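Here's the letter readout for the chains.
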Amino acid sequence: MVRITEELVRKKSEHNEMLIGTLEELSLHQEDIERIEHLQNWCRDLKILLLQSNLIAKIENLHKLKRLEYLNLALNNIERVENLQPLESLNKLDLTLNFIGELTSIECLTENYNLKTLILTGNPCCDYPNYREYVIGTLTQLESLDCQDVTSTQKLQAKPHLREYRAIIVQRQAVYAMQRDEQKIRFLQQKQQLEAKMSTIEDESERIKTFWDSTSENCPEIRIEMARYQKQCRNKKNTGETEKPIKKEPTLFAPCGRPYNLNKPELTFKLKDEANEYILELDVYKYLETSHLKVDVEINYIRVVVKGKIFQIALNEEVKPSAATVRRSQITGQLVITAPKLNENKLLAFKSEGKSLDECNQKAARRQ
């Protein structure tokens, strides 16, 4: 059951800087509210109150709202009109698609002299014989009934036959009351059978599907059940959204500390092992902003993070991180990382220059 709380009312009064004492308009529709409460004490200046699409079964706790002009209670579980006499400013009352079968309950509105518009469309009472004539003859102040104008001629024609109409209405609503009692019994029986069937199903999704696939009558009780299952589906969906799978972080190092080779961005690369340095050519995306690149050169590996994805390559020889350089081509976007080796391979250097080891030793001696 959803209650009308101060937190909810303040949340809905953002247009009034969350001040509820001076609130003139309040919308609490589609909140699964089952009871009207607190509003007449918190929001006495209300002129418009929208409570449509809830689960309200009784009109109550509104008698202090002397300034209320428009009350919308469409799509609720109301079965009779009551407790609206003190609303002396009430001008429009919308009770569309409720379960009002006791049509004579509208007689409580005869003292609401400012009531000009009444909407009862979609209620069981609308099917009673002489329904419109009875309402027009009873509530002579009305100017519109079920979104149709009420003329003076209609009022004059309905007035002489009002007692006759009322007798027919009373008889018809007594029949409806008995049908309603039978409907309640059928609902309880169907509910027990359905719950017994659902108890044999282990999967929660299958149980909910079984409920929605079952046949049911249009009554206040089934609307409450439907709201309960809808809430379960919403909670399950929200839980599924919040419990996202934990993103597994890539393993960067072996237990012994040796760096792994990774290429999560799936980029083309070339690593040149020169005599005195490593040169890594990485083909990053041409139009990728440099701010999305992060380069980290360590003593035995080079790591490049491209939009959160890690490229890492292990080096066979140790390098000097402080002497490493990073360049990027403005034409191709290619990233070139140069990392000087910590201990240069002299033998490779000599061979690359085409000199023998003896010549290099003699040269070094002369230099000394």
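Scoring rules and cut-offs
- Residues numbered from 1 in each chain as written.
- Predicted model: local features only at pLDDT ≥ 70, side-chain atom pairs only at ≥ 80, totals over all residues.
- Heavy atoms only, no water.
- pLDDT = per-residue confidence, 0-100.
- Contact = heavy atoms within 4.5 Å.
- Helix = DSSP H or I, 4+ residues; strand = E, 2+ residues; numbered from the N terminus.
- Buried < 20%, exposed > 50% of the residue type's maximum accessible area, 1.4 Å probe, protein only.
- Polar contact = N/O pair within 3.5 Å; in protein donor to acceptor, adjacent residues only side chain to side chain.
- Pairing = 2+ DSSP bridges.
- Salt bridge = Lys/Arg side-chain N within 4 Å of Asp/Glu carboxyl O.
- Axes fitted to C-alpha atoms, helices over the stretch in contact; angles between N-to-C directions.
- Parallel < 35°, antiparallel > 145°, perpendicular 65-115°, else oblique.
- Left-handed = near helix turned anticlockwise from the far one by under 90°.
- Nonpolar A, V, L, I, M, F, W, Y, C, P; charged D, E, K, R; others polar.

K.L.:
Let's hear about the confidence of the model for the protein: which residues, and what values?
P.N.:
Chain-level pLDDT for the protein is 87 on average; 90% of the residues reach the 70-or-more range. Confidence over residues 347-355 falls short of pLDDT 50; this stretch has seven contacts with residues more than four positions distant or in other chains.

K.L.:
Can you lay out the environment of G137 for me, pointing to particular residues and giving the numbers?
P.N.:
Relative to the helices and strands, G137 resides in helix α3 (residues 131-138). For the pair G137 and H161, spaced 24 residues apart in sequence, the C-alpha to C-alpha distance is 8.3 Å. Those residues within four positions of G137 in sequence are excluded, and the remaining contacts are A158, K159 and L162.

K.L.:
If you had to explain the environment of H15 to someone new, which residues and values would you point to?
P.N.:
Relative to the helices and strands, H15 is located in the loop between α1 (6-11) and β1 (25-27). With relative accessibility at 57%, the residue H15 sits in the exposed group. Measuring from C-alpha to C-alpha, the distance between H15 and L26 comes to 9.8 Å, with 11 residues separating the pair along the chain. Residues contacting H15, with those up to four places away along its chain left out, are L23 and E25. Among the polar contacts made by the side chain of H15, one reaches the main-chain carbonyl oxygen of E25 at a distance of 3.4 Å.

K.L.:
Could you give an account of the sheet that holds strand β8 (residues 262-263), with specific residues and numbers?
P.N.:
Backbone hydrogen bonds are what pair the strands of a sheet, in a parallel or an antiparallel way. Pairing is antiparallel across the open sheet formed by four strands, whose spatial order is β8-β13-β12-β11. Lying at the two open borders of the sheet, with one neighbouring strand each, are β8 and β11 (293-297). Inspection of the sheet shows β8 paired to strand β13 (residues 309-314) by two bridges, in the antiparallel sense. Paired with L262 across the strands is Q312, a residue of β13.

K.L.:
Provide a residue-level description of the environment of D146, including the pertinent values.
P.N.:
Tracing the backbone through its elements, the reader meets D146 in the loop between β6 (144-145) and β7 (148-149). Overall, the relative accessible area of 15% leaves D146 in the buried class. Residues D146 and R132 lie 14 residues apart in sequence; the distance between their C-alpha atoms is 9.2 Å. If near-sequence neighbours (up to four positions away) are discounted, D146 is found in contact with L118, I119, L120, T121 and Y131.

K.L.:
Residues and numbers for the pattern of salt bridges, please.
P.N.:
Using the criterion set out here, one finds 18 salt bridges in the structure. The closest approach of N and O atoms between E79 and R180, which form a salt bridge, is 3.0 Å. Taken together, the positions of E79 in the loop between β3 (70-72) and β4 (92-94) and R180 in helix α5 (residues 162-198) put the pair 101 residues apart, joining distant regions of the chain. The salt bridge involving R228 is made with E225; its shortest N-O contact spans 2.8 Å. Taken together, the residues span about one helical turn, with R228 and E225 both in helix α7 (residues 220-242) at a distance of three residues. What makes R228 partly exposed here is its relative accessible area of 37%. With relative accessibility at 9%, the residue E225 sits in the buried group. One connected set of salt bridges, linked through shared partners, spans E79, R180 and E221.

K.L.:
Go over the sheet that holds β6, please, and point to the residues and values.
P.N.:
Spatial ordering of the open sheet is given by β1-β2-β3-β4-β5-β6-β7, a layout of seven strands whose pairing is mixed. Edge positions in the sheet fall to β1 and β7, since each of these pairs with one other strand and no more. Summarising the sheet, strand β2 (residues 48-50) and β3 pair through three bridges and their orientation is parallel. Counterpart to L50 in the pairing with β3 is N72.

K.L.:
Outline the packing of α5 against helix α6 (residues 204-213), supporting the account with residue identities and numerical values.
P.N.:
Interhelical geometry of α5 versus α6 gives an angle of 150° and a closest axis separation of 10 Å. One element, α5, and the other, α6, form an angle in the roughly antiparallel class. Our pair here, α5 against α6, has a crossing hand that is right-handed. When α5 is examined against α6, the residues L194, K197 and M198 are found in contact with a partner set consisting of R207, T210 and F211. Here the contact of α5 with α6 is built from residues that sort into three nonpolar, one polar and two charged.

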